[in-house]
Amino acid sequence: MSAPIPPPSPSDEIHSEPFLRSLMRRQLCLSVSCAATFLVVLLGLPLLNYFFPAFMATRVAGFTLTWLILGVLFFPFVWVISFFFIKRSIALEDEEVKSVNQNRR
Amino acid sequence: MSNLFLPLAFLGGVDPWIFAFSFVTVAVTIGMGFWSATKSKTASDFFVAGRSVSVGWNASAISGEYLSAASFMGIAGMVMASGYDVLWYPVCYACGYLFLLLFIAGPLRRFGAYTIPDFAEGRYDSPLFRKIAVCFVLFIGFVYTMPQMKGAGTTLAYIFKSVNLRGGPLAFLAPHSATGEALAGFPYWAGVALVGAVITLNVALGGMKGITLVQAVQYWVKMFAISVPVFVLMAVFGFYNGQLGANMASGESSVPAPMAERKPLVEKAPADTAWIAPFGPLTTKAVKAAAATLPASEQKKFLDEHQKPYSLLYTYSLIIALVCGTAGLPHILVRFYTNPDGVAAKRTTMWVMILIGVFYVFPPVFGALGRNLMPELYSGVGAKGTDKVVLELPTLLGAKFGVLGSILSGITCAGAFAAFMSTFSGLLVSMTGAFAHDVYGRMLKPTATPAERLRMFKIAAVVIGAIAVLLGAQVEQLQINFMVNQAFAIAASSYFPLLFMSVWWRGMTMTGAAVGMLGGGLCALACTGTIILGDIGKVDLASFWAAHPLARILIEQPAIWTMPLAIFLMIAVSKATAASVPADIRMKMLVLHAPEQLGLKQEYIQEHAAGTGH
């Protein structure tokens, strides 16, 4: 392997440690909160089935409640989360680019 | 060549519609593959070509490659066999993309590595690590090809079920009963060999290089082939809710809801209460088998204590394997680079989730319809079991509407061909590429010329295709969907922890990543091997499983412990070898996370070119 490359001269704010930290933290924050919403429902459904079997077996137009949730309603729920995430993350990136360009000026 | 067409002489009893639809699908797919292959010769052509493609086409292509025989045939068959618990499969197959979108897709695309081995090498500056990462392309690939082969064998056995090979020049092909007597019909292994040979030849000759257009069209073929027959069947026999209404949950004497007519269940079918409710036959199988060996007086106590907790454990492990596994499938991640930029990549992912989500509503409908209308499939084994419900169910329409049943059955057969052909050729291309490019080109003979590598690609395609056929011929008894689940478990314990940790934790070292990936991945692989060998009867483990139901569950669904094991090993070993964190880690992290508009990627490449001569 060749010798490690020295980090470029910190002439620019984007190469600084605080910039990277805030960048990763903001993106991870958004991802984790979206993932948490998803996981609460995904991992909570087996628990509901486990502790409230009679309630989850209630008939809703022929479906049992739990079948309706998992077999049909779960898909649109995930679409909503992904739509929200994409909107927020694109906005986040735009903000970052804007703030860097302002500081460069 | 004329020998290939000899079987045509025996086609007397084959439904012409079913045969025609299937044949046209195969011919058109191969034709389009070659037509597109002449337009884009090299790997970079393929990637760049993708960039001129809109988000819609790209999303269709990713979905087309993803929906395999497991999605098209396996889910329906397994829902019919085991009921509610199987719904986790379609849901997690679709929702795994959310994890991919949230944590991996964006950073990986910015990094500009085309494959996971590329990423592994770039992130850790280590060609050695690349070689380790390549092995898992092959491991996951082989496990993933087995169910595709079972799909092929099942479909051909269905299409040619009335063929009579006895007494002709092909008599040796005829399937034999347990007593050695020749039977009518087409043998499972011959279907596997035929489809495997056709696709392998196609890949070796240069067609079907996973071209965007072919895969995109395949998605719409599959979508059409699953949805149209479902709507026609539901219009005739009663809608989804009515079909489920015909099955009583526990404690119900009658259902206050629409009910469809149904045929009486056969002896082998699970009871209504177990089928429609959570924690049914799929997740309680191990505990039931263990209870059956106990004296009758202890059985009830044992079941009460263990049945539900163990099936909850099974459910969670299945969820982890499928959700995390989707985010670590090598042949899917590659496709994200066909997007022009990060925004398009994210939009594409969302459209993929919508396209496959809509698709995944339909297979369980087939399962519910099959349970009520074609319960005789419960008695069949192997290629004659519930895995063929998607293919056979539309023929029920034949009694009322004549030829319509055959046409719809032909359409679902065409969809099945599209499903296993697209996934098998995609896998074959990525495995052959990994072997020819990395194993041969970098390890065995680094000095090979491009011509030698091309020759090696062809040889490797034939060898890997042959191995896939041999493996596929062994697994007739296993459910298609279950085998795909095993491939996902391996991906969830190897590539997913690698990608997730490498992207978000700068303290990862090459040693940590390698130890974690090998530890988790090889454990999952060993579990898969044990289960498959036991279930196809090569090794007799039945008494061991009966004595240790918990071990059975943790080995059948290993992700719940192998995935955390991989992450734990990565953290522990990386901490111990913290001195070897790559020196330019801050720059690497910036490239992974900073928006592309800042132009860091370009800067990084220039530095690398100037600094190290890469």
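Procedures and definitions
- Residues numbered from 1 in each chain as written.
- Chains lettered and ligands numbered in written order.
- Predicted model: local features only at pLDDT ≥ 70, side-chain atom pairs only at ≥ 80, totals over all residues.
- Helix = DSSP H or I, 4+ residues; strand = E, 2+ residues; numbered from the N terminus.
- Buried ≥ 20, exposed ≤ 12 C-beta atoms within 10 Å, placed from the backbone.
- Contact = placed C-beta atoms within 7 Å.
- Axes fitted to C-alpha atoms, helices over the stretch in contact; angles between N-to-C directions.
- Parallel < 35°, antiparallel > 145°, perpendicular 65-115°, else oblique.
- Left-handed = near helix turned anticlockwise from the far one by under 90°.
- Core = buried A, V, L, I, M, F, W, Y, C linked by C-beta atoms within 7 Å.
- Nonpolar A, V, L, I, M, F, W, Y, C, P; charged D, E, K, R; others polar.
- pLDDT = per-residue confidence, 0-100.
- Expected span 1.5 Å × (residues − 1).

Moving on: the overall build of chain A. Looking only at helices and strands, chain A has 3 helices and 2 strands in total. Helices and strands in chain A line up, N terminus first, as α-α-β-β-α. A total of 105 residues make up chain A; the buried ones form 30% of that total. Here the contacts in chain A between residues at least 6 apart in sequence split such that 56% fall between residues at least 24 apart.

Secondary structure summary: chain B contains 27 helices and 0 strands in total. Expressed as a percentage of the 614 residues in chain B, the buried residues total 56%. Within chain B, counting contacts between residues at least 6 apart in sequence, those at least 24 apart form 82% of the total.

Positionally, M508 of chain B belongs in the loop between α21 (495-504) and α22 (510-535). C-alpha of M508 of chain B to C-alpha of L404 of chain B: the two residues are 104 residues apart in sequence and 59 Å apart in space.

Residue and element names in this part refer to chain B. Position of A321 relative to the elements: it lies in helix α13 (residues 296-326). Looking at A321, the number of C-beta atoms within 10 Å reads 30, which means it is buried. Separated by 47 residues in sequence, A321 and A368 place their C-alpha atoms 25 Å apart. The contact partners of A321, leaving out residues within four places of it in the chain, are N485, F488, A489, A492, Q557 and A559.

Before going further, it helps to examine the interface of chain B and chain A. Counting residues at the interface gives 53 residues for chain B and 47 residues for chain A. At the level of elements, α5 (88-111), α10 (240-245), α13, α15 (342-373), α26 (585-593) and α27 (600-612) of chain B are the ones that each hand at least two residues to the side of chain B that touches chain A. It is α15 of chain B that provides the largest number of residues to the side of chain B that touches chain A, a total of 10 residues.

Once that is clear, we can look at the packing of helix α1 (residues 17-51) of chain A against α26 of chain B. Interaxial distance between α1 of chain A and α26 of chain B falls to 10 Å at its minimum, and their mutual angle equals 40°. On the basis of the axis angle, α1 of chain A is oblique to α26 of chain B. Every pair of crossing elements has a handedness; the one defined by α1 of chain A and α26 of chain B is left-handed. Within the contact between the two elements, α1 of chain A uses L20, L23, M24 and Q27 of chain A and α26 of chain B uses R586, M589, L590 and H593 of chain B.

This paragraph deals with unusual backbone geometry. All names here are of chain B. The phi dihedral of D125 is positive, around 50°, even though this residue is not glycine. Counting through the fold element by element, D125 comes out in the loop between α6 (116-124) and α7 (127-159). Given 18 C-beta atoms within a 10 Å radius, D125 is considered partly exposed.

Let's shift gears to the nonpolar core. Judged by nonpolar contacts, the single largest core of 215 residues is most densely connected at A94, L98, L322, C324, A416 and A492 of chain B. When residues of this core are assigned to their parent elements, the largest contribution, 18 residues, is made by helix α18 (residues 403-444) of chain B.

Residues and elements named next belong to chain B. Their axes nearest at 7 Å, the elements α22 and helix α25 (residues 559-576) cross at an angle of 160°. Comparing the axis directions of α22 and α25 gives the class roughly antiparallel. Crossing angle aside, the handedness with which α22 passes α25 is right-handed. On the side of α22, the interface is formed by T511, G512, A513, V515, G516, M517, G519, G520, C523 and A524, while α25 contributes T562, M563, L565, A566, I567, L569, M570, V573 and S574. A per-class count over the contact of α22 with α25 returns 12 nonpolar, 7 polar and no charged.

Residue and element names in this part refer to chain A. Scored by pLDDT, chain A has a mean of 81; 85% of the residues are at 70 or more. Of all the helices and strands in chain A, strand β1 (residues 59-60) carries the lowest mean pLDDT, 78, while α1 carries the highest, 88. Counting contacts from residues 1-10, a segment whose pLDDT is below 50, to residues more than four positions away or on other chains yields 16 contacts.

Another aspect to go through is α25 of chain B. Residues and elements named next belong to chain B. With 18 residues, α25 extends 25 Å from end C-alpha to end C-alpha; this agrees with the ideal 26 Å at 1.5 Å per step. Here α25 has its buried residues at A559, I560, T562, M563, A566, L569, M570, V573 and S574. Taken together, the buried residues of α25 touch α13, α20 (480-493), α21 and α22.

Here the focus is the environment of V232 of chain B. Residues and elements named next belong to chain B. Note on placement: V232 falls in helix α9 (residues 212-237). C-beta crowding within 10 Å serves as the criterion here: with 18 such atoms nearby, V232 is assigned to the partly exposed category. Through-space distance from the C-alpha of V232 to that of P394 is 8.7 Å; in sequence the pair is 162 residues apart. Here V232 is in contact with L397 and L408, once residues within four sequence places are set aside.

Turning our attention to the confidence of the model for chain B. Residue and element names in this part refer to chain B. This prediction gives chain B a mean pLDDT of 80; 84% of its residues lie at or above 70. Model confidence for chain B, summarised as mean pLDDT per element, is weakest for helix α2 (residues 43-51) at 44 and strongest for α25 at 93. Residue range residues 1-7 is modelled with pLDDT below 50. Its contacts to residues more than four positions away, or to other chains, number 3 contacts. Scored below 50 in pLDDT, residues 43-50 shows 12 contacts in the model against residues more than four places distant or in partner chains. In the model output, the complex is listed with pTM 0.86 alongside ipTM 0.84.

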